[in-house]
Amino acid sequence: MADLIILVTLLALGYGFGRYSESTHYASIRKREKTLNAIPAIASRIPPQGNPNFDSQLVSGSVVISVDYFKRFIAGLRNLVGGRMTSYETLLDRARREAILRMKEEADRLGASMVFNLKLETASIHKGRRNKIGSVEVLAYGTALTPN
Amino acid sequence: MIVSNLEILPGKKITKHLGLVQGSSVRAKHVGRDLMAGLKNIFGGELKGYTELLQESRQEAHERMLEQAKAVGANAVLNIRFSTSSIAAGAAELFAYGTAVIVE
């Protein structure tokens, strides 16, 4: 009985706080994406030709983000029947967008006009532990081109 | 030192290739941070301690790579890649590598 009470409390805490933090995070991502739209991040490897007056510098942004207890529980259930794991999809989406935003913020501080050769690297932090995803790290990096 | 993950530098000519340079760092998390992360695993959200830790160790790997590039006399490192691998539970290796070159 005590176990059940603990489980329900954890689920309720995870649901409440997780939901709140996700919606505030998405709101802040959307807001910052709008202001940083002026600096495009391009996944192309070839820098612009014929316009050689650029300084290049490496910029990067990273974030470690964790899924809440409720979502992990739901994902565990989903594991039984298979199908889309929406709870992890939003986790990775948030992490990637946040990492790209942090990279763009660094590029913005340098006065860059664009970021070239964007690469994304994902690592699961809790890999060694009971094979659960739990938290992921996303690193975004690229070359900021600053007109000189 | 020019550092970039492009293969060429716009407007600059590569005069000499000096080969691969690399740097790595292996870090483990300390118990206090693990406890905080455990709590965060219930509530969800960003694990700021881990973000900082990984950033620091990546910075260290990056600096080691640059030291190596300096030692071979390069003035730029191009085509940089980062990679992360978990070695044991609670420890991660951060690895940076690139091509050391001399540009005009």
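Residues numbered from 1 in each chain as written. Chains lettered and ligands numbered in written order. Predicted model: local features only at pLDDT ≥ 70, side-chain atom pairs only at ≥ 80, totals over all residues. Heavy atoms only, no water.

(A) How the structure looks around the nonpolar core. One finds Val59, Leu91, Ala95, Met103, Ala107 and Val115 of chain A to be the most contacted residues of the largest nonpolar core, which totals 23 residues. Elements supplying a minimum of two residues to this core: helix 1 (2-35), strand 1 (54-66), helix 3 (86-109), strand 2 (114-124) and strand 3 (135-147) of chain A. It is helix 3 of chain A that contributes the most residues to this core, 7 residues altogether. Methionine 103 of chain A has contacts with Ala41, Val59, Ser60, Gly61, Val115, Leu118, Ala140, Tyr141 and Gly142 of chain A, leaving out every residue within four places of it along the chain. Within the second largest apolar cluster, 15 residues are counted, among which are Leu139 of chain A together with Ala61, Met65 and Phe82 of chain B. (Core = buried A, V, L, I, M, F, W, Y, C linked by side-chain atoms within 4.5 Å. Buried < 20%, exposed > 50% of the residue type's maximum accessible area, 1.4 Å probe, protein only. Helix = DSSP H or I, 4+ residues; strand = E, 2+ residues; numbered from the N terminus. Contact = heavy atoms within 4.5 Å.)

(B) Broad picture of the pattern of salt bridges. Under the defined criterion, the tally for this structure stands at 14 salt bridges over all chains. Glutamate 33 of chain A is the salt-bridge partner of arginine 97 of chain A, the closest N and O atoms lying 3.1 Å from each other. Note that arginine 97 of chain A is positioned in helix 3 and glutamate 33 of chain A in helix 1, a separation of 64 residues in sequence. Judged by relative accessible area, arginine 97 of chain A falls into the partly exposed class, the value being 22%. One salt bridge connects glutamate 56 of chain B with arginine 27 of chain B, and the closest N-O pair in it is separated by 3.9 Å. (Salt bridge = Lys/Arg side-chain N within 4 Å of Asp/Glu carboxyl O.)

In short, the description is geometric, and any link to function would need to be established separately.
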